[in-house]
Amino acid sequence: MRKRIAILGSTGSIGTTALRVIDGLNSSPGKEGKFEVIALSGHSNVKLLAEQVRRYRPNYVAVSDVDCVEEFRRLIEGLDVKVLAGAEGLTEIAGLEEVDTVLAAVVGVAGLSAVLAAVRKGKRIAIANKEPLVIAGQLITAEAKKYGAELLPVDSEHSAIFQAMQAGRHEEVAKIVLTTSGGPFRKANPAGIPDASIEQVLAHPVWRMGPKITVDSATMMNKALEIIEARWLFDVPAEKIEVMVHPESIVHSMVEFVDGSVIAQMGSPDMSLPIQYALTYPLRLPGPAKKLQLDRLKTLTFEKPNPQVFPAIEMGFEVVQKGGTAAAVFNAANEAAVGQFLAGKIKFGNIVELVRRCLDNHIIEMNGHGQNARDTNASLEELLEADAWAKKEVTECLKNHQLR
Ligand code: NAD
Ligand code: MG
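Description of the structure in this document. (Residues numbered from 1 in each chain as written. Chains lettered and ligands numbered in written order. Predicted model: local features only at pLDDT ≥ 70, side-chain atom pairs only at ≥ 80, totals over all residues. Heavy atoms only, no water.)

## A short note on the site of ligand 1
Looking at ligand 1, there are 23 residues lining it, with Thr 11, Ser 13, Ile 14, Glu 131 and Gly 210 nearest. Contacts to ligand 1 include Ser 13, whose backbone N or O atom sits 2.8 Å from an oxygen atom. With respect to ligand 1, the backbone of Ile 14 contributes an N or O atom lying 2.9 Å from an oxygen atom. Its free accessible area being 820 Å², ligand 1 has 86% of it covered by the protein chains. At the level of secondary structure, the elements contributing two or more residues to the shell around ligand 1 comprise helix H1 (13–27), helix H6 (130–147) and helix H9 (211–219). When the residues that make up the shell around ligand 1 are grouped by side-chain class, the tally is ten nonpolar, ten polar and three charged. (Near = heavy atom within 4 Å. Polar contact = N/O pair within 3.5 Å; in protein donor to acceptor, adjacent residues only side chain to side chain. Areas by Shrake-Rupley, 256 points an atom, 1.4 Å probe, with all protein chains shown as cover. Helix = DSSP H or I, 4+ residues; strand = E, 2+ residues; numbered from the N terminus. Nonpolar A, V, L, I, M, F, W, Y, C, P; charged D, E, K, R; others polar.)

This is how it looks when you write it as structure tokens:
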């Protein structure tokens, strides 16, 4: 039977790759892994969204940027499709009755309420959008259990871990090893990194991705977010998570079991593979990812990240230890700072500095209210409050010229 899919963020890097994966699956022989596109969503790139609507003929489209809805309607005049506007529209398509699989590929906290809606309708959620898991991982995973939703990782490292985990039982896991290419500044002189230009930051050596995650990969905030993501997806404490720099980007992550056996997942660095696996799991079907030519690999190298060059990684562990609203603050400060950097308002080095400042100020703030962030099982309202607080705090720091 054909699966019925909603793609949240279909105009992005993951969204467009997913549509290519679906084209491949639908045109291949055999009955399995066929998808009907029921709903699509985009934010402001309505031209591409309209092209996708003409091609895939979904029943619903959400245009999350309300200022772009009118233009979008003009572009699709005469087509039979229901247009939903704003953040509510996005949430609505995530919970549609006629959808069984939701690909969450929006960037940032903007995807949170849609992910929760899909979880509460018991869908299969192929989740690329890591920020909601970072902020509200405890809530999302608890609700997924309650409503029988399936959370399948799309992030390449987490897809690798998910695959490797199948080699043993949960209690037999000794540690999870998240790999990272090291980004564009692995070999750079640390003194020059804070002043890196937007062009240098966006020139990732391995992956072509949307701008936010590309900046996150340069600061290593992406790895910090992935540590938190792994903590929730695989229910492991911070002590069982490790990060390794692996510049060849062939081993996408590993799981070490108690007997010393290390199971690694390898493949070409191509997001079509983890996207397809999340869509067709437990099946493996032929896909577009380039096959590995082992004899051409020559060497695979691994090294511990240098904390002087990448202080963000340690912050990821710290946030997992703290729990409560710390991850919401961490993520929001980063989203705000990346936005400022991409707008040319702050230096590259200010991103991590701002996040550090917000985390420290948040702890002072929490203690000032007689609360301890560590033990709280934060509610959605508290998490969103922390998100708003951190974004405001970034603005305050900038207003007061508190940066190096
Ligand atoms: P992108 O910027 O290319 O695409 C983002 C999508 O979200 C677009 O469709 C855009 O229209 C939509 N969007 C933007 N702002 C929005 C808003 N306020 N409300 C609703 N929709 C909005 O990003 P991407 O690289 O495809 O990444 C998407 C998510 O997947 C991110 O969370 C990222 O961390 C994660 N991810 C991406 C990759 C990758 O290779 N690109 C790999 C692993 C994880
Ligand atoms: Mg990743």
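## Focus on the sheet that holds strand S2 (residues 35–42)
Across the sheet, seven strands lie side by side as S4-S3-S2-S1-S5-S6-S7; this open sheet has parallel pairing. In this open sheet, the two strands that pair with only one neighbour each are strand S4 (82–85) and strand S7 (150–153). Geometrically, the sheet is characterised by an average inter-axis angle of 20° between neighbouring strands, direction not taken into account. As paired strands, S2 and strand S3 (residues 60–63) are joined by four bridges and run parallel to one another. Bridge assignment links Leu 40 to a residue of S3, and that residue is Val 61. (Pairing = 2+ DSSP bridges. Axes fitted to C-alpha atoms, helices over the stretch in contact; angles between N-to-C directions.)

## Examining the layout of surface pockets
Roughly 510 Å³ of volume is contained in the second largest pocket. Taken together, 18 residues make up the lining of the second largest pocket; nearest its centre are Thr 141, Leu 151, Trp 232, Leu 233 and Phe 234. Among the secondary structure elements, those contributing two or more residues to the lining of the second largest pocket are H6, S7, helix H7 (156–165) and helix H10 (221–233). Grouping the amino acids of the lining of the second largest pocket by side-chain chemistry returns twelve nonpolar, two polar and four charged. (1 Å grid on protein atoms, 1.4 Å probe; cavity = no way out; pocket = protein on both sides within 12 Å on 5 of 7 lines; lining within 4 Å. Points joined across faces, edges and corners; volume = space filled by probe spheres on them.)

## Regarding helix H4 (residues 86–94)
Among the residues of H4, those classed as buried are Gly 86, Gly 89, Leu 90, Ile 93 and Ala 94. Down the axis of H4, the buried side of the element spans an arc of 155°, and every buried residue falls inside it. (Buried < 20%, exposed > 50% of the residue type's maximum accessible area, 1.4 Å probe, protein only. Arc of directions from axis to C-beta.)

## Comments concerning the packing of aromatic side chains
Each aromatic ring pair is summarised here by two numbers: the centre-to-centre distance and the angle between the ring planes. For the coordinates displayed, the defined rule picks out five aromatic pairs. Between Phe 162 and Tyr 277, the ring centres sit 6.3 Å apart and the planes meet at 55°, which makes this aromatic pair tilted. Of the two residues, Phe 162 sits in helix H7 while Tyr 277 sits in helix H11 (residues 272–280), which places them 115 residues apart along the sequence. Per residue, the accessibility class of Phe 162 equals that of Tyr 277, and both read buried. Relative to Tyr 281, the ring of Tyr 277 lies with its centre 5.6 Å away and its plane at 80°, an arrangement referred to as edge-to-face. Among the aromatic residues, those joined into a ring-pair cluster are Phe 162, Tyr 277 and Tyr 281. (Phe/Tyr/Trp six-rings, centres within 6.5 Å; stacked < 30°, edge-to-face > 60°.)

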